[in-house]
Amino acid sequence: MPRNKVLLFVSDMDGTLLQEDFTISPVNLAAIRRLEAAGIRFAIATGRTHYDAETICRKHALEPYIISNNGACVFHPDGTLLSGKALDKAFVSGIVDFLEQEKICYGLGESGGYIAPANWTEVFDSEIARLRAAGMVIPEEKIAFAKQETQKQHGVRIVEKISEYLEQGEAVYSISLITYDKEALQKAGRWVSRYKGTAVCISGTHNAEIMYQDCTKGKSLEFLCGYLKIPLSQTAVAGDSLNDLDMFEKAGFGFAMGNGREEIKEAAAIITKPCREDGLAEAVEHLLRQNI
């Protein structure tokens with residue numbers, strides 16, 4: 001039970017707020033409306049780009065503050081970038097060369113959109129075939145879901161030649177890795193570790209992000225609380241994966257989805273039903289009952 005009256009509720013998107021079709025269920029949406037009616041601000045913290053997250057929210061008539069790109073950016077509801085730390089251009093060029101050489105599926109996260117190489121599905125399918133040949137069991141539905149996460153993003157741009165895109169000088173805030181290959185992740189981690197301040201952040205069974213170490217959801221939560229003049233002790237967060245962990249460590253109260261990683265469940269005050277059963281709404285109802 002929160003010790004202080006909660007003034008800000010921050011939710012992860014995938015695996016927490018969104019259903020498997022990447023929409024917000026009527027039950028979760030109604031719960032958010034009750035939060036707002038009670039005077040509690042609602043915000044998003046996601047690995048998605050701002051444009052993608054904002055488009056989903058706008059379809060449901062929500063206008064939250066948005067922590068995007070896994071914490072690298074913070075946006076005002078009016079779309080203003082309040083805080084952002086783009087990756088060094090030479091670093092981006094180098095890691096892209098490495099990923100293409102190693103045939104690791106990736107995408108580039110701008111503040112407003114997501115850049116995918118034209119051959120990304122070919123690279124991903126080739127990896128799946130190789131891992132299955134080595135004995136790994138990867139269900140078809142998981143493969144389809146992993147692809148849909150990119151294909152159904154709002155603001156995705158398919159680029160034939162990434163080198164030409166990089167020459168345009170667009171700011172890249174995060175680099176997504178889409179892989180089930182733990183060895184590939186380790187290779188990427190070793191390459192990234194050569195550059196001070198950068199790291200690979202695991203965010204799901206097949207997702208990881210390359211970004212600055214100090215660009216985390218937790219750090220951005222601190223920034224947003226400072227901007228809104230709300231103490232961290234008066235915040236509640238909801239999440240399911242490792243990239244939510246430092247939010248749980250900083251916030252006053254944490255709700256873990258029933259489908260969440262064990263590390264998140266251990267850090268949470270309350271474990272709800274799974275995301276597909278509207279665990280977020282359960283978290284909101286618990287908070288509203290106790291938030292006196």
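Residues numbered from 1 in each chain as written. Predicted model: local features only at pLDDT ≥ 70, side-chain atom pairs only at ≥ 80, totals over all residues. Heavy atoms only, no water.

(A) Local environment of the pairing of strand E2 (residues 41-45). Counted residue by residue, E2 has four buried out of five residues, so it is predominantly covered. As defined by bridge partners, strand E1 (residues 8-11) adjoins E2 across four bridges and the pair is classed as parallel. Looking across to E2, one finds that Ser11 is bridged to Ile44. One crossover worth recording links E1 to the parallel E2 by way of helix H1 (residues 26-37), and it is right-handed. Relative to strand E3 (residues 65-68), E2 runs parallel, the two sharing three bridges. Paired with Ala43 across the two strands is Tyr65, which belongs to E3. In the classification by handedness, the crossover that spans E2, the intervening helix H2 (residues 50-59) and the parallel E3 is right-handed. (Buried < 20%, exposed > 50% of the residue type's maximum accessible area, 1.4 Å probe, protein only. Helix = DSSP H or I, 4+ residues; strand = E, 2+ residues; numbered from the N terminus. Pairing = 2+ DSSP bridges. Right-handed = clockwise from strand over helix to strand, strands pointing away.)

(B) Quick look at the side chain of His286. Checked against the element boundaries, His286 lands in helix H11 (residues 279-290). What makes His286 buried here is its relative accessible area of 15%. In this structure His286 touches Phe253, Phe255 and Ile270, once residues within four positions along its chain are discounted. (Contact = heavy atoms within 4.5 Å.)

(C) A look at the packing of H1 against H11. Relative orientation of the contacting elements H1 and H11 amounts to 25°, with a least axis distance of 8 Å. The angle between H1 and H11 places the two elements in the roughly parallel class. Every pair of crossing elements has a handedness; the one defined by H1 and H11 is left-handed. Only Leu280, Ala281, Val284, Glu285, Leu287 and Leu288 of H11 make contact with H1, whose side of the interface consists of Val27, Asn28, Ala31, Ile32, Arg34 and Leu35. Within the contact of H1 with H11, the residues separate by chemical class into nine nonpolar, one polar and two charged. (Axes fitted to C-alpha atoms, helices over the stretch in contact; angles between N-to-C directions. Parallel < 35°, antiparallel > 145°, perpendicular 65-115°, else oblique. Left-handed = near helix turned anticlockwise from the far one by under 90°. Nonpolar A, V, L, I, M, F, W, Y, C, P; charged D, E, K, R; others polar.)

(D) How the structure looks around H1. With twelve residues, H1 should reach 16 Å at 1.5 Å per residue; the first-to-last C-alpha distance of 16 Å fits that figure. Along H1, the residues classified as buried are Asn28, Leu29, Ala31, Ile32 and Leu35. The buried residues of H1 all sit within an arc of 160° when viewed along its axis, so they share a single face. Turned more than 90 degrees off the buried face of H1, the exposed positions are Pro26 and Ala37. Buried residues in H1 make contact with E1, E2 and H11. (Expected span 1.5 Å × (residues − 1). Arc of directions from axis to C-beta.)

(E) Up close: the sheet that holds strand E10 (residues 198-202). Spatially, E8-E7-E6-E9-E11-E10 is the arrangement adopted by the six strands of the open sheet, whose pairing is mixed. Only two strands of the sheet have a single partner each, and these edge strands are strand E8 (156-159) and E10. Direction aside, the axes of adjacent strands within the sheet are offset by 25° on average. Pairing between strand E6 (residues 106-109) and strand E7 (residues 114-117): two bridges, direction antiparallel.

(F) Structural view of unusual backbone geometry. Notably, Phe22 is not glycine yet its phi reads approximately 65°, a positive angle. The topology assignment puts Phe22 in the loop between E1 and H1. Positive phi outside glycine occurs at Ala61, with the angle close to 60°. Residue placement: Ala61 occurs in the loop between H2 and E3.

(G) Local environment of the sheet that holds strand E13 (residues 253-256). In space, the eight strands of this open sheet follow the order E5-E4-E3-E2-E1-E12-E13-E14, with mixed pairing throughout. Because the sheet does not close on itself, it has two edges, and the strands there are strand E5 (81-84) and strand E14 (270-271). The sheet contact formed by E3 and strand E4 (residues 73-75) spans three bridges and is antiparallel. Bridging from a neighbouring strand, Ile66 pairs with Phe75 of E4. Across the sheet, H2 is in contact with E2, E3 and E4; its angle to E3 comes to roughly 145°. Those strands touched by helix H8 (residues 217-228) are E1, E2, E3, E4, E5 and strand E12 (235-239), and its axis lies near 155° from that of E3.

(H) Representation of the packing of helix H3 (residues 89-102) against helix H7 (residues 182-192). One can describe the packing of H3 onto H7 by two numbers: an axis separation of 11 Å at closest approach and a directional angle of 155°. Between H3 and H7, the interaxial angle falls into the category roughly antiparallel. Crossing hand, H3 versus H7: right-handed. Packed against H3, whose contacting residues are Phe91, Gly94, Ile95, Phe98 and Glu102, the element H7 presents Lys187, Ala188, Trp191 and Val192 at the interface. Looking at the contact of H3 with H7 residue by residue, the class counts come to six nonpolar, one polar and two charged.

All we've got here are geometric facts, nothing functional implied.
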